[in-house]
Amino acid sequence: DAGVTQTPRHEVAEKGQTIILKCEPVSGHNDLFWYRQTKIQGLELLSYFRSKSLMEDGGAFKDRFKAEMLNSSFSTLKIQPTEPKDSAVYLCASRDWGEDTGQLYFGEGSKLTVL
Amino acid sequence: QQQVRQSPQSLTVWEGETAILNCSYEDSTFDYFPWYHQFPGESPALLIAIRPVSNKKEDGRFTIFFNKREKKFSLHIADSQPGDSATYFCAASPNAYKVIFGKGTHLHVLP
């Protein structure tokens, strides 16, 4: 079984640009999460989908961050416009909410650098 | 307030010692408490998890202690090994819903 796939693995953007990060969850998983990881803040929740419906939009991240789930096997995270403080690793994770362990399966992440 | 607080930020222990990592929360709706570990260059992976029906969960050298009254839980790593050196994140989830993570503890185990 394929795990969570994220693309691109690395992205360099100029301040003000629009970037789109992509995620393919584990097949059959009905929950999908986007997190931002930095050394200072750790793992911050950006968005949470269940069966393609947006359940949480990450509060403080609403204004420039927009996650979408176009179908059950593909999600995007758009950052528009980018700022240098957005430099971080963006992690996508999926979960089968019916699975007893409640385990999140993480992708390898997309490292974003904003100049 | 849906936050998970984690301490210490960094912890160094000698090989063979027990490392203790701590977390606390405020929201009483949280009912699932996992710990994830992350090695350099890798993504977080589930290590062990507990639900409040019990106050202790063991898996080999790793034990979660849970105190529902004080809203605290901790991870004890017995007989720490250099290979345990990693970042450990505690987390909490209300009713199989979103998962909120602490800021992480960087564990260094010295040989």
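Anything mentioned here points back to the structure above.
Caption draft 1: Spatial organisation of the pairing of strand 4 (residues 30-38) of chain B. All names here are of chain B. Across the nine residues of strand 4, eight count as buried, placing the element largely inside the fold. Summarising the sheet, strand 4 and strand 9 (residues 86-94) pair through six bridges and their orientation is antiparallel. Across the sheet, residue His37 finds its bridge partner in strand 9, namely Tyr88. By the bridge criterion, five bridges tie strand 4 to strand 5 (residues 45-50) in an arrangement that is antiparallel. Each residue of the ladder has a partner; that of Phe33, found in strand 5, is Ile50. Between strand 4 and strand 5, which follow one another and run antiparallel, lie six residues, and Gly41 among them has a positive phi close to 80 degrees.

Caption draft 2: Spatial organisation of the interface of chain B and chain A. Each partner contributes residues to the interface: chain B has 16 residues there, and chain A has 24 residues. For the pair chain B and chain A, the summed buried area comes to about 1,700 Å², and 51% of that belongs to carbon and sulfur atoms. Among the salt bridges present, the one from Lys98 of chain B reaches Glu56 of chain A, with a minimum N-O distance of 3.3 Å. Viewed at the interface, chain A and chain B are joined by nine residue pairs in polar contact (both at pLDDT 80 or more). Every element with two or more residues in the side of chain B that touches chain A is listed here: strand 4 and strand 9 of chain B. A total of three residues in the side of chain B that touches chain A trace back to one element, the largest contributor, which is strand 4 of chain B. Its residues assigned to classes, the side of chain B that touches chain A comprises nine nonpolar, four polar and three charged.

Caption draft 3: Representation of the side chain of Thr76 of chain A within the structure. In this fold, Thr76 of chain A is placed in strand 8 (residues 74-79). The contact partners of Thr76 of chain A, leaving out residues within four places of it in the chain, are Ile20, Leu21, Lys22, Trp34, Lys66, Ala67 and Glu68 of chain A.

Caption draft 4: Focus on unusual backbone geometry. The peptide bond linking Gln80 of chain A to Pro81 of chain A adopts the cis configuration, its omega dihedral lying at -10 degrees. For Lys52 of chain A, which is not a glycine, the phi torsion comes out positive at approximately 75 degrees. If you check the backbone angles, Lys71 of chain B has positive phi at about 55 degrees while not being a glycine. Within the fold, Lys71 of chain B resides in the loop between strand 7 (62-67) and strand 8 (72-77). Residue Lys71 of chain B is classed as partly exposed on the basis of its relative accessible area of 24%.

Conventions and cut-offs
- Residues numbered from 1 in each chain as written.
- Chains lettered and ligands numbered in written order.
- Predicted model: local features only at pLDDT ≥ 70, side-chain atom pairs only at ≥ 80, totals over all residues.
- Heavy atoms only, no water.
- Buried < 20%, exposed > 50% of the residue type's maximum accessible area, 1.4 Å probe, protein only.
- Helix = DSSP H or I, 4+ residues; strand = E, 2+ residues; numbered from the N terminus.
- Pairing = 2+ DSSP bridges.
- Contact = heavy atoms within 4.5 Å.
- Buried area = accessible area lost by both parts, 1.4 Å probe.
- Salt bridge = Lys/Arg side-chain N within 4 Å of Asp/Glu carboxyl O.
- Polar contact = N/O pair within 3.5 Å; in protein donor to acceptor, adjacent residues only side chain to side chain.
- Nonpolar A, V, L, I, M, F, W, Y, C, P; charged D, E, K, R; others polar.

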